[in-house]
Protein chains: 2
Amino acid sequence: MLSRSPLAPARFADLAPAAGVRFGTAAAGIKYADREDVLLMQFAPRTTVAGVFTRSRCAAAPVDWCRNLIERGQARALLVNAGNANAFTGVHGRKAVRMSARMVADALGCRPSEVFLASTGVIGEPLEAQQFEGCLGDIAGRLVDDRWEAAAAAMMTTDTYPKGATRTVDLDGVPVRLNGIAKGSGMIAPDMATMLAFVFTDAPVAAPLLQRLLKKSTRTSFNAITVDGDTSTSDTLLAFATGQAPGVAPLIEPRDRRVRAFAAALDSLLLDLAHQVVRDGEGARKFVEIEVTGAASARSARTIAMSVANSPLVKTAVAGEDANWGRIVMAVGKAGEPADRDRLAIWFGDVRMAHKGERDPGYDEDAAAAIMRRPEIAVRIDVGVGKGRFTVWTCDLTKDYVAINGDYRS
Amino acid sequence: MLSRSPLAPARFADLAPAAGVRFGTAAAGIKYADREDVLLMQFAPRTTVAGVFTRSRCAAAPVDWCRNLIERGQARALLVNAGNANAFTGVHGRKAVRMSARMVADALGCRPSEVFLASTGVIGEPLEAQQFEGCLGDIAGRLVDDRWEAAAAAMMTTDTYPKGATRTVDLDGVPVRLNGIAKGSGMIAPDMATMLAFVFTDAPVAAPLLQRLLKKSTRTSFNAITVDGDTSTSDTLLAFATGQAPGVAPLIEPRDRRVRAFAAALDSLLLDLAHQVVRDGEGARKFVEIEVTGAASARSARTIAMSVANSPLVKTAVAGEDANWGRIVMAVGKAGEPADRDRLAIWFGDVRMAHKGERDPGYDEDAAAAIMRRPEIAVRIDVGVGKGRFTVWTCDLTKDYVAINGDYRS
């Protein structure tokens, strides 16, 4: 059993019910003994859905399933399991997905095409859909709307704490709610970094608009984090909008001026969840923000920031509390993006370490050392060629990462 | 002091003199106490030179120096130091380079523009060229042609053993020699992966031909290895041809049928050195060959192979002796190259783990476990879309890598 990350939030956020969302959890014994590993969620009729998925060329069977359904924009249920990713399971995996959707549809009285599925865990082991059979009817008989921490906990694999966040927005004088839960710890890198994250709102949002907002928001949240640069076959982010908030006119057009408030809340919610995933990075002891400025474009800034964030040498230096800005130079250099070596500047916190392509003459080793001892470290890099900027978040690379991943499967 | 890698060759290769190459080493105290850290080499008049360098956008000052000189194709000397990379040192670094070249030229009686330079070690610390002053004249007075192990040892940083290799080829009935030395252990990834490697031959090879052969050979040797995916600011591979082998007509034209034999020896020599670098990967306990077949092109195969070789999750699984082929699927998927999930096949050694997009029904867990316990592991991946193939070499990611890099600078 892994001990709770030192970077974890003090406690699970206080999530109130979101009208039209009910759920339950159970222990199906897919991989773990003595814990819940299945989450079943039910949504009110006319719930809309949007999704963003892994760009892996070897996506898991549930990802294929959701991707095929997402354009319909309608959802009545979500089934999530931990312990087996149902990835790289061939024909068997596709059968398991179809069978799972049918069983959920039977238990909740909806169509299989309204059932979304997500699985996380080991790759390559056949998932036996029959394992859900015993518990789905049972869960369906005791759905609740307020046990969000249990819902998030049922999705955990190497996570050391359940992840949740909530926001409210005023639409037409009515407070609408956005709740989110996520899981993720290793195999975290953009294209989607999520592993699994789900957002639930009682706001009425048309599916195309919800899709547009979700995609945009992902760019600066889940696609701006990395733990180990490895991209999961199962990354899935789904947003469900039940429309059950009373008296709110539907959000349909991007130009609707209420959209801005909703989008800001969604951005903030996803960023919160994404940060929680990084804070639970396998073996992490440091939470690191990397901001690149002065790049040729935002895209170029992102590439440079990710090169730094994924560099094992940078990450081990942070683990060792070593203000080794030379490795930042290396990582900027290897990114292959425009950067002016002789105008490069690097800060750790508010201490400028490098300036105009050299060690900063005024740089204070003690001040830098003090910053490196903090659990949260901000690195800023100005590459001196333009106005592009982007910020990403990562964690350090510790011996515990190696230990956790050296014997995860066995 | 790091203990010798368990993957190290039994002993340093037996390098005989290469006519026209003399050298010496000394302790300049640049960073290390009680060891030699400077290597000075002298070449006969009319020695030709070719080079391949890091593609880092933040290349070190000596790299800039060599890149500017390489097109002239003429070399009389090489100065290498360990402990300070003279990288990201701005104007100061450029001055140090010019001053070093002048001091070498004075000591050996040649022009500064015939002096090649390479530095390895910490980034961002100013290098004081004066530190060489005391020892260059001293070394120049006692040059030898047979202490190759000492030459290789003087370049070491986190290396746990000196690296050398030798080949001979028959040209016009005369045996010509190719000797190589290299250093490298961390910050090893393609574009050049070398850190530093030098080849010396007494064959007469025109500089343009030597450049062409060196570049081609690098593709499948130093650019086909990775330790940590981090690219150095200092990677430098230089080849020097003295032409002192008696009675051999110059190699000038690529079509000269003697070129094939010379090129084959060069390929073999560089691959030997590249493998030695991987075997000394920081903290490495396993030497891993990753062969990708069935790709859309050789380039695509290389991208996929490097995605697998650089995956922290694959590398930690190898460290844990876990035949976790699911992580191979993940790394193939994240590479973004054409691959047919449902035709993918994966072998560890001769055990086929996955076949047609599923776990191989005949797969034997015990046989796979036995392969993972070996110090050398071959992984083959067929991605099922074409005829492209490429092979790369890497090592595992262990707690020792984290330990070595968590406090390298301090």
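Everything below is about the structure shown above.
Residues numbered from 1 in each chain as written. Chains lettered and ligands numbered in written order. Predicted model: local features only at pLDDT ≥ 70, side-chain atom pairs only at ≥ 80, totals over all residues. Heavy atoms only, no water.

**What to know about the overall build of chain A**
Scanning chain A from terminus to terminus reveals 11 helices and 15 strands. Scaling as 2.2 N^0.38, a compact globule of 410 residues should have a C-alpha radius of gyration of about 22 Å, and chain A matches this with 22 Å. Considered along the principal axes of its C-alpha atoms, chain A spans approximately 70 × 55 × 35 Å. Scored against the burial criterion, the 410 residues of chain A give a buried share of 64%. Considering only residue pairs separated by 6 or more positions, chain A has 81% of its internal contacts joining residues 24 or more positions apart. Accessible area of chain A: about 14,700 Å², with a carbon and sulfur share of 47%. Between the averaged position of the 50 positive side-chain charges in chain A and that of its 47 negative side-chain charges there is a distance of 5 Å. (Helix = DSSP H or I, 4+ residues; strand = E, 2+ residues; numbered from the N terminus. Rg over C-alpha atoms; globule rule 2.2 N^0.38 Å. Buried < 20%, exposed > 50% of the residue type's maximum accessible area, 1.4 Å probe, protein only. Contact = heavy atoms within 4.5 Å. Areas by Shrake-Rupley, 256 points an atom, 1.4 Å probe, with all protein chains shown as cover. Lys, Arg positive; Asp, Glu negative; His and termini not counted. Charge placed at Lys NZ, Arg CZ, Asp CG, Glu CD.)

**Quick notes on the packing of helix 8 (residues 312-319) of chain A against helix 9 (residues 325-334) of chain A**
Residues and elements named next belong to chain A. Their axes nearest at 9 Å, the elements helix 8 and helix 9 cross at an angle of 160°. Between helix 8 and helix 9, the angle falls in the class roughly antiparallel. Viewed along their axes, helix 8 and helix 9 form a crossing whose handedness is left-handed. Residues Leu313, Val314, Thr316 and Ala317 of helix 8 lie in contact with helix 9, whose contacting residues are Arg327, Ile328, Met330 and Ala331. Looking at the contact of helix 8 with helix 9 residue by residue, the classes come out as 6 nonpolar, 1 polar and 1 charged. (Axes fitted to C-alpha atoms, helices over the stretch in contact; angles between N-to-C directions. Parallel < 35°, antiparallel > 145°, perpendicular 65-115°, else oblique. Left-handed = near helix turned anticlockwise from the far one by under 90°. Nonpolar A, V, L, I, M, F, W, Y, C, P; charged D, E, K, R; others polar.)

**Considering the sheet that holds strand 14 (residues 376-382) of chain A**
Residues and elements named next belong to chain A. Across the sheet, which stays open at both edges, the 6 strands sit in the order 13-12-11-14-10-15 with mixed pairing between neighbours. Strands with a single pairing partner mark the edges of an open sheet, and in this sheet they are strand 13 (358-359) and strand 15 (388-395). Where strand 12 (residues 351-355) lies against strand 13, 2 bridges are found, and the strand directions are antiparallel. Pairing of Ala354 across the sheet is with Arg359, part of strand 13. Lying over the sheet, helix 7 (residues 298-309) contacts strand 10 (287-295), strand 14 and strand 15, oriented at roughly 25° with respect to strand 15. (Pairing = 2+ DSSP bridges.)

**Thoughts on the packing of aromatic side chains**
Under the definition given, this model contains 14 aromatic pairs over all chains. Relative to Phe240(B), the ring of Phe43(B) has its centre 4.2 Å away and its plane inclined at 20°; by these criteria the two rings are stacked. A residue pair is termed long-range when its members are at least 10 positions apart, and Phe43(B) in strand 2 (residues 38-43) and Phe240(B) in strand 10 (residues 236-241) qualify at 197 residues. Each member of the pair, Phe43(B) as well as Phe240(B), carries the same accessibility label: buried. Pairwise contacts between aromatic rings join Phe23(A), Phe43(A), Phe116(A), Trp148(A), Phe200(A) and Phe240(A) into one cluster. A cation sits over an aromatic face here: Lys163(A) above Tyr161(A), 4.4 Å from the ring centre. Across from the ring centre of Phe287(A), 4.2 Å away, lies the NZ or CZ of Arg279(A), which sits over that ring. (Phe/Tyr/Trp six-rings, centres within 6.5 Å; stacked < 30°, edge-to-face > 60°. Lys NZ or Arg CZ within 6 Å of the ring centre and 35° of its normal.)

**Some remarks on the sheet that holds strand 11 (residues 287-295) of chain B**
Residues and elements named next belong to chain B. With mixed pairing, 7 strands are arranged side by side in an open sheet as 9-16-11-15-12-13-14. Because the sheet does not close on itself, it has two edges, and the strands there are strand 9 (225-226) and strand 14 (358-359). Taken together, the 4 bridges between strand 12 (residues 345-348) and strand 15 (residues 376-382) define a ladder with antiparallel strand orientation. When the sheet's bridge partners are listed, Trp347 is paired in strand 15 with Arg380. Those strands touched by helix 7 (residues 298-309) are strand 9, strand 11, strand 15 and strand 16 (388-395), and its axis lies near 25° from that of strand 16.

**Quick look at the relation of the copies chain B and chain A**
Mapping chain B onto chain A is achieved by rotating through 180° and translating by 0.0 Å along the same axis, at an RMSD of 0.0 Å. On the angle and the small slide along the axis, the relation comes out as a two-fold axis. For chain B, the residue whose C-alpha comes nearest the rotation axis is Lys399(B), separated from it by 2.4 Å. Interface residue correspondence from chain B to chain A reaches 100%, placing this contact among same-surface, isologous pairings. (Least-squares fit on C-alpha atoms with pLDDT ≥ 70 in both.)

**Thoughts on the pattern of salt bridges**
Close approach of charged atoms allows side chains with opposite charge to pair. All chains considered together, the criterion is met by 34 salt bridges over all chains. Bridged by salt links that share partners, the residues Asp64(A), Arg94(A), Arg341(B) and Asp342(B) form one connected network. (Salt bridge = Lys/Arg side-chain N within 4 Å of Asp/Glu carboxyl O.)

**Topic: the pairing of strand 15 of chain B**
Residues and elements named next belong to chain B. Only one face of strand 15 is buried, namely the one carrying Ile377, Val379 and Ile381, since none of Glu376, Ala378, Arg380 and Asp382 on the opposite face is buried. As paired strands, strand 11 and strand 15 are joined by 7 bridges and run parallel to one another. Its bridge partner being in strand 15, Val292 is matched across the sheet by Ile381.

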